[in-house]
Amino acid sequence: MDHRSGQKRAVEYLYPPVDPFDQRVMDMGDGHRIYVEQCGNPQGIPVLVLHGGPGGGCSPPMRRYFDPAIYRVVLFDQRGCGRSRPLATVENNTTWHLVRDIESIRQALQIEQFVVFGGSWGATLALIYAISHPARVRHIVLRGVFLATQAELDWFYGGGAAAFYPELWARFVAPIPPDERGDLIAAYHRRLFSDIAMEEQKAARTWAAWENALASVQSFGFVSDGPSDYARAFARLENHYFINAAFLEEDGWILKNRGRIAHIPANIIQGQFDMICPPVSAHKLASGWDKAKLQIIPMAGHALSEPGISEALVAAMDALR
């Protein structure tokens, strides 16, 4: 691997594009239909890819972090986003529904154990699934760790990250009256679920633009003109999960239950300048976890597409071969 990450684009570290050998929609029996695909070697080592958000959905580049001759790569769009339906709905949509969906997918595909691979919210869900079903996880690969704590939400939606990007923060808070800015998650919740289409669309674009603007160390500023269907699903689902503290029983639930996965090897890959999920969470997760290897990537932010992040993730998966 070329370690001069800044001189190469992220895509240059990835395997060539690959098409799925299996695509299906699974009816979960409670109003949700989940899109699932498989790529690579049907007889290979199973890897479960968990996308971010919540509400981000999967994309074709996510298939390319794995040697297609070695790995059987399973991707799915979580409830309410991507190619799963109904789009942008929050009914029957909680962390525990997603954990059950993973088990349904595992059983339908007759997989005994996964390597679980996830970033950002996908890292959160990977940890929660592993804690809930440790016998079904053989290795964990994480990027941009988010532990779903109130402190992390306060950092990103309460002014912490704003100290580094005051102009972008001003655009994020601009639609919210001053008397509502003490709880921006709640203020945006009222607008994202107002049942007024124009208001929901405007709020969704602004919510998504704040996060997208801070994803990379090479920030391109506040862009709020992306696809409206994607922005609405992303913003509504993310806000729904955050206002409900990810549906966990208590703040800090992941760290308090980490002992259940202490025996599982893990690679934790974290951008040094991740403004969305700062490195402190990755350090807390790795501390005392003897089987976890924490790798801090210099000059990298949060995005999966950061060159140093992509290089490290591919190298981690190659090493598992």
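Since this is a predicted model, take the numbers as computed values, not measurements. (Residues numbered from 1 in each chain as written. Predicted model: local features only at pLDDT ≥ 70, side-chain atom pairs only at ≥ 80, totals over all residues. Heavy atoms only, no water.)

Caption draft 1: Looking closely at the overall build of the protein. Helix and strand counts for the protein come out as ten helices and eight strands. The C-alpha atoms of the protein give 19 Å as radius of gyration, which agrees with the globular expectation for 321 residues (20 Å, within 12%). Seen through its C-alpha atoms, the protein measures out along the principal axes to roughly 55 × 45 × 40 Å. Classification of the 321 residues of the protein by burial places 56% in the buried group. At a minimum sequence separation of 6, the contacts of the protein that also span at least 24 residues come to 73%. Entry remark: accessible area of the protein is about 13600 Å², with carbon and sulfur atoms responsible for 51%. (Helix = DSSP H or I, 4+ residues; strand = E, 2+ residues; numbered from the N terminus. Rg over C-alpha atoms; globule rule 2.2 N^0.38 Å. Buried < 20%, exposed > 50% of the residue type's maximum accessible area, 1.4 Å probe, protein only. Contact = heavy atoms within 4.5 Å. Areas by Shrake-Rupley, 256 points an atom, 1.4 Å probe, with all protein chains shown as cover.)

Caption draft 2: A look at helix α4 (residues 166–173). When α4 is considered as a whole, its buried residues turn out to be L168, W169, F172 and V173. For α4, the buried positions fall inside an angular range of 130° around the axis, keeping them on one side. (Arc of directions from axis to C-beta.)

Caption draft 3: Geometry of helix α5 (residues 184–192). Burial runs high along α5: seven of the nine residues are buried. Looking at α5, one finds that the buried residues are L184, I185, A186, A187, Y188, R191 and L192. Elements that come into contact with the buried residues of α5 comprise α3 (150–157), α4, α6 (197–213) and α7 (228–243).

Caption draft 4: Summary view of the sheet that holds strand β5 (residues 114–120). Spatial ordering of the open sheet is given by β1-β2-β4-β3-β5-β6-β7-β8, a layout of eight strands whose pairing is mixed. At either end of the open sheet lies a strand with only one pairing partner, and these are β1 (22–27) and β8 (292–297). Shown here is a sheet whose adjacent strand axes are inclined to one another by a mean of 20°, direction ignored. Its contacts with the sheet place helix α1 (residues 95–108) against β1, β2 (33–40), β3 (45–50), β4 (71–76) and β5, and it is angled at close to 130° to β1. (Pairing = 2+ DSSP bridges. Axes fitted to C-alpha atoms, helices over the stretch in contact; angles between N-to-C directions.)

Caption draft 5: Broad picture of unusual backbone geometry. Cis geometry is found at the peptide bond from G53 to P54, where omega equals 0°. The topology assignment puts P54 in the loop between β3 and β4. Residue P86 is reached from R85 by a cis peptide bond, and omega for that bond is 5°. Note that P86 resides in the loop between β4 and α1. The phi dihedral of A246 is positive, around 60°, even though this residue is not glycine. For A246, the position within the fold is in the loop between α7 and α8 (253–256). With a phi angle near 65°, F247 is a residue other than glycine that sits in the positive phi range. Structurally, F247 can be placed in the loop between α7 and α8.

Caption draft 6: Representation of the packing of α5 against α6 within the structure. Packing of α5 against α6 leaves a shortest axis separation of 8 Å and a crossing angle of 140°. Taken together, the axis directions place α5 and α6 in an arrangement best described as oblique. Taking contact as the criterion, the partners of I185, Y188, R191 and L192 in α5 are, on α6, E199, E200, A203, A204, T206 and W207. Its residues assigned to classes, the contact of α5 with α6 shows six nonpolar, one polar and three charged. (Parallel < 35°, antiparallel > 145°, perpendicular 65-115°, else oblique. Nonpolar A, V, L, I, M, F, W, Y, C, P; charged D, E, K, R; others polar.)

Caption draft 7: The arrangement of the pattern of salt bridges in detail. A full pass over the atoms with the stated rule returns 16 salt bridges. Residue R321 is joined to D67 by a salt bridge in which the shortest nitrogen-to-oxygen separation is 2.7 Å. Here D67 lies in the loop between β3 and β4 and R321 lies in the segment after α10 (307–319), a separation of 254 residues in the sequence. Sharing partners across several salt bridges, the network here consists of E37, R63, D77 and R83. (Salt bridge = Lys/Arg side-chain N within 4 Å of Asp/Glu carboxyl O.)

Caption draft 8: Spatial organisation of the pairing of β3. When you tally the buried positions in β3, you get six out of six residues, the bulk of the element. Bridge analysis of β3 against β4 gives five bridges, and the strand direction is parallel. Looking at β4, one finds that I45 is bridged to Y71. The pairing of β3 with β5 spans four bridges and is classified as parallel. Residue pairing across strands places V49 opposite F117, the latter belonging to β5.

Caption draft 9: Representation of the packing of α5 against α7 within the structure. At a minimum axis separation of 10 Å, α5 and α7 run at an interaxial angle of 135°. Considering the angle they form, α5 stands oblique to α7. Along this stretch, α5 crosses α7, giving a crossing that reads as left-handed. In this structure, α5 uses I185, A186, Y188, H189 and L192 to contact α7, whose residues at the interface are A235, R236, N239, F242 and I243. In the contact of α5 with α7, the residues fall into seven nonpolar, two polar and one charged. (Left-handed = near helix turned anticlockwise from the far one by under 90°.)

Purely geometric stuff here, so don't read any function into it on its own.
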